[in-house]
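A structural walkthrough
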Amino acid sequence: MTTMLANTICYKQKEPTYYNKGTKWEKTCDTFLLCYVYGTDEQAQQRCDEMNELLKTNPDKITKEHRVDASNIDYFFVNKQEEMY
């Protein structure tokens with residue numbers, strides 16, 4: 001069985017998210033999956049570029065559309081991962 005990889009848009013946070021803060025299991029993460037992008041690699045990169053531009057010009061639109069805190073996003077990037085289903 002061959003595994004199909006899908007284009008995704010991910011983002012890197014300025015400040016990491018802490019999990020189990022103050023415990024021996026404390027971990028941080030600063031890179032998260034935002035969404036899948038269907039289409040070619042070039043289309044995925046174009047969408048990512050658009051979102052990075054929006055991050056500079058209208059971050060509230062990103063917050064509203066994707067329900068993420070755009071003020072803590074450093075940048076968006078294209079990645080690949082296996083589809084969920």
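Residues numbered from 1 in each chain as written. Predicted model: local features only at pLDDT ≥ 70, side-chain atom pairs only at ≥ 80, totals over all residues. Heavy atoms only, no water.

Right, let's talk about the packing of aromatic side chains for a bit. Any two aromatic rings considered together are summarised by their centre-to-centre distance and by the angle between their planes. Taken as a whole, this structure holds four aromatic pairs when the rule is applied. Three or more aromatic residues joined by ring pairs make a cluster, and in this case those are Y11, F32 and F76. Across the ring face of Y18, the terminal group of K21 is positioned such that the distance to the ring centre comes to 4.3 Å. (Phe/Tyr/Trp six-rings, centres within 6.5 Å; stacked < 30°, edge-to-face > 60°. Lys NZ or Arg CZ within 6 Å of the ring centre and 35° of its normal.)

Before going further, it helps to examine the nonpolar core. Core analysis: the biggest nonpolar cluster contains 15 residues, and I9, Y11, L34, I62 and F76 have the highest contact counts within it. Tallying contributions element by element places helix α1 (residues 41-57) first for this core, with five residues. In this structure, I62 is in contact with M51, L54, L55, R67, V68, A70 and F76, ignoring residues within four places of it in sequence. (Core = buried A, V, L, I, M, F, W, Y, C linked by side-chain atoms within 4.5 Å. Buried < 20%, exposed > 50% of the residue type's maximum accessible area, 1.4 Å probe, protein only. Helix = DSSP H or I, 4+ residues; strand = E, 2+ residues; numbered from the N terminus. Contact = heavy atoms within 4.5 Å.)

As a further point, take the state of the cysteines. Every disulfide links exactly two cysteines, by a covalent bond between their sulfur atoms. Applying the stated criterion to the full structure yields zero disulfides. The thiol of C10 is unpaired, and the distance to the nearest cysteine sulfur, on C35, comes to 8.6 Å. Here C29 is not disulfide-linked; the sulfur of C10 is the nearest cysteine sulfur, at 10 Å. Since its relative accessible area comes to 27%, C29 is described here as partly exposed. (Disulfide = S-S within 2.5 Å.)

Read from one edge to the other, the open sheet built from three strands follows the order β2-β1-β3, with strand pairing classed as antiparallel. Two strands bound the open sheet, and with one partner strand each, they are β2 (27-37) and β3 (73-82). Each strand axis lies, on average, 35 degrees off the axis of its neighbour in the sheet, ignoring direction. Each of β1 (5-19), β2 and β3 is contacted by α1, which is oriented at about 160 degrees to β3, the strand it contacts most. (Pairing = 2+ DSSP bridges. Axes fitted to C-alpha atoms, helices over the stretch in contact; angles between N-to-C directions.)

Once that is clear, we can look at α1. Along its 17 residues, α1 runs 24 Å from first to last C-alpha, staying within 8% of the 24 Å computed at 1.5 Å per residue. Taken together, the buried positions of α1 are A44, C48, M51, N52, L54 and L55. The buried residues of α1 all sit within an arc of 160 degrees when viewed along its axis, so they share a single face. Opposite the buried face of α1, by more than 90 degrees, sit the exposed residues E42, K56 and T57. (Expected span 1.5 Å × (residues − 1). Arc of directions from axis to C-beta.)

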